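Inside the fold
Each chain is listed here by its residues.
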Amino acid sequence: MRDSTGNFSVLHRACKLVVLLCFFHISVTFIFYVRSLDFRFAFAKHDQTASKDTVPDAFETNHFSVDNVTTITKELGKCPDTSPLLVGPLRIEFSNPVSLDVVRKENPNLKNGGRFKPKDCVALQKVAIIIPFRNRDEHLKFWLYYLHPILQRQQLDYGVYVINQDGDEVFNRAKLLNVGFSEALKEYEYGCFVFSDVDLIPMDDRNTYRCFSQPRHLSVSMDKFGFRLPYNQYFGGVSSMSKEQFLKINGFPNNYWGWGGEDDDIFNRLNSKGMTISRPSGAVGKCRMIRHNRDGGNEDNPQRFDRIAHTKETMNKDGIKTLSYKVVKVEKDQLYTKITVDVGEKMARQTN
Ligand code: BGC
């Protein structure tokens with residue numbers, strides 16, 4: 001009887017030990033499991049930040065929120081070469097005035113400053129659109145009304161910069177374009193620049209406002225010229241250049257005051273650096289010009305023929321490297337960034 005009681009207590013102790021060991025094992029397993037969860041969470045968080053770095057976003061990085069984190073977990077792919085959103089030929093007309101409030105409402109995806117990037121894919125190019133400007137508010141409204149939806153369908157990461165010449169001095173289109181190039185680059189890492197007159201609207205959204213391996217002339221068949229090029233070297237209206245192409249020609253001339261010649265000078269610059277002009281077909285490159293009388297302060301530049309004849313000698317001395325101006329005012333609207341600038345005065349010796 002004693003023996004069997006003794007055996008039982010040994011067995012009892014052995015069982016207790018086994019139970020304790022099991023409990024210890026379960027506790028250790030549990031602790032490791034909880035720690036691995038922490039680690040996985042931290043890893044996922046790091047991954048989200050990393051994928052955000054590969055898709056830099058000038059707006060969102062400043063307003064990083066939990067909502068953004070969850071949307072960015074799936075890494076965005078590149079947008080396709082040809083946007084599937086394009087519709088082709090467009091009806092463009094200027095008979096009904098445009099209200100900017102309506103344009104703002106119709107383009108809810110624009111960010112302050114006239115900025116946009118596609119939501120579902122990473123745009124292939126970051127494009128700054130530069131519009132030289134003075135007293136053309138009615139034209140600007142039509143431009144914004146028509147272009148914003150087109151540019152969004154083209155899946156561009158873009159910003160619209162209206163460069164407004166301050167004062168009453170003779171208009172200087174090319175210098176304003178240089179200012180636009182330099183001001184836009186202070187804001188964002190643009191790689192492509194579209195230079196557009198405020199009164200030109202494309203009639204087909206397949207005419208993509210982006211850059212190509214050669215400088216691009218986009219307004220190739222304007223109604224004003226009977227839907228054809230006025231001459232082969234014509235580079236006026238709307239054109240685009242990558243940052244590298246623009247810098248290779250030292251940007252645009254700063255000393256063409258008044259109407260005409262600056263676009264021919266730009267063509268000469270490109271030509272002298274061995275570049276050719278890329279163009280869309282006549283059908284895709286159709287565009288309409290808003291009819292208007294010549295602005296005051298933009299009279300024909302009588303010196304243009306002489307200047308065009310000497311582009312090769314002057315282009316290294318006059319361009320983006322020697323650009324000087326003063327910013328007077330910067331206005332940010334949902335539809336555009338408007339920068340008012342003092343571009344200086346036409347020098348007396350330039351009147352001769
Ligand atoms: C001027 C250009 C202008 C073209 C078409 C040329 O004579 O020099 O600046 O774009 O005509 O109007």
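Our structure's up above, just so we're on the same page.
Structure report, in brief. All values reported here derive from a predicted model rather than from experimental measurement.

1. Here's the deal with the sheet that holds strand 9 (residues 286-289)
The strand order across the open sheet built from three strands is 5-9-7, with neighbouring strands paired in mixed fashion. Single-partner strands in this sheet number two, and they are strand 5 (200-202) and strand 7 (221-222). Summarising the sheet, strand 5 and strand 9 pair through three bridges and their orientation is antiparallel. Among the inter-strand pairings, Pro202 is bridged to a residue of strand 9, identified as Cys287.

2. As for the packing of aromatic side chains
With the rule as written, the count across this model stands at 14 aromatic pairs. For the ring pair Phe94 and Tyr146, a centre distance of 6.3 Å and an interplane angle of 85° mean the geometry is edge-to-face. One end of the pair, Phe94, is in the loop between helix 2 (66-72) and helix 3 (100-106); the other, Tyr146, is in helix 4 (residues 137-153), with 52 residues separating them in the sequence. Aromatic ring contacts, followed pair by pair, group Tyr161, Phe181, Tyr188, Tyr190, Phe193, Phe195, Phe246 and Phe252 into a single cluster. When the ring centre of Tyr188 is taken as origin, the NZ or CZ atom of Arg115, which lies over that ring, is 4.3 Å away. The lysine or arginine in question, Arg216, covers the ring of Phe212, its NZ or CZ lying 3.7 Å from the ring centre.

3. Some details on the site of the ligand
Contacts to the ligand come from Phe225, Tyr231, Tyr234, Trp259, Gly260, Gly261, Asp263, Asp264 and Arg304. A distance of 2.6 Å separates an oxygen atom of the ligand from a polar side-chain atom of Asp264. When the free accessible area of the ligand is taken as 310 Å², the share hidden by the protein chains comes to 80%. When the residues that make up the shell around the ligand are grouped by side-chain class, the tally is four nonpolar, two polar and three charged.

4. A few points about the pattern of salt bridges
On inspection of all chains with the given rule, the structure shows 17 salt bridges. With a closest N to O distance of 3.0 Å, Lys126 and Glu189 form a salt bridge. Residue Lys126 is found in strand 2 (residues 126-133), and its partner Glu189 is found in the loop between helix 5 (173-187) and strand 4 (192-196); the two are separated by 63 residues along the sequence. Given a relative accessible area of 23%, Lys126 falls into the partly exposed group. Look at Glu189 and you get partly exposed, because its relative accessible area is 47%. With a closest N to O distance of 3.5 Å, Arg288 and Asp223 form a salt bridge.

Cut-offs and rules
Residues numbered from 1 in each chain as written. Predicted model: local features only at pLDDT ≥ 70, side-chain atom pairs only at ≥ 80, totals over all residues. Heavy atoms only, no water. Pairing = 2+ DSSP bridges. Helix = DSSP H or I, 4+ residues; strand = E, 2+ residues; numbered from the N terminus. Phe/Tyr/Trp six-rings, centres within 6.5 Å; stacked < 30°, edge-to-face > 60°. Lys NZ or Arg CZ within 6 Å of the ring centre and 35° of its normal. Near = heavy atom within 4 Å. Polar contact = N/O pair within 3.5 Å; in protein donor to acceptor, adjacent residues only side chain to side chain. Areas by Shrake-Rupley, 256 points an atom, 1.4 Å probe, with all protein chains shown as cover. Nonpolar A, V, L, I, M, F, W, Y, C, P; charged D, E, K, R; others polar. Salt bridge = Lys/Arg side-chain N within 4 Å of Asp/Glu carboxyl O. Buried < 20%, exposed > 50% of the residue type's maximum accessible area, 1.4 Å probe, protein only.

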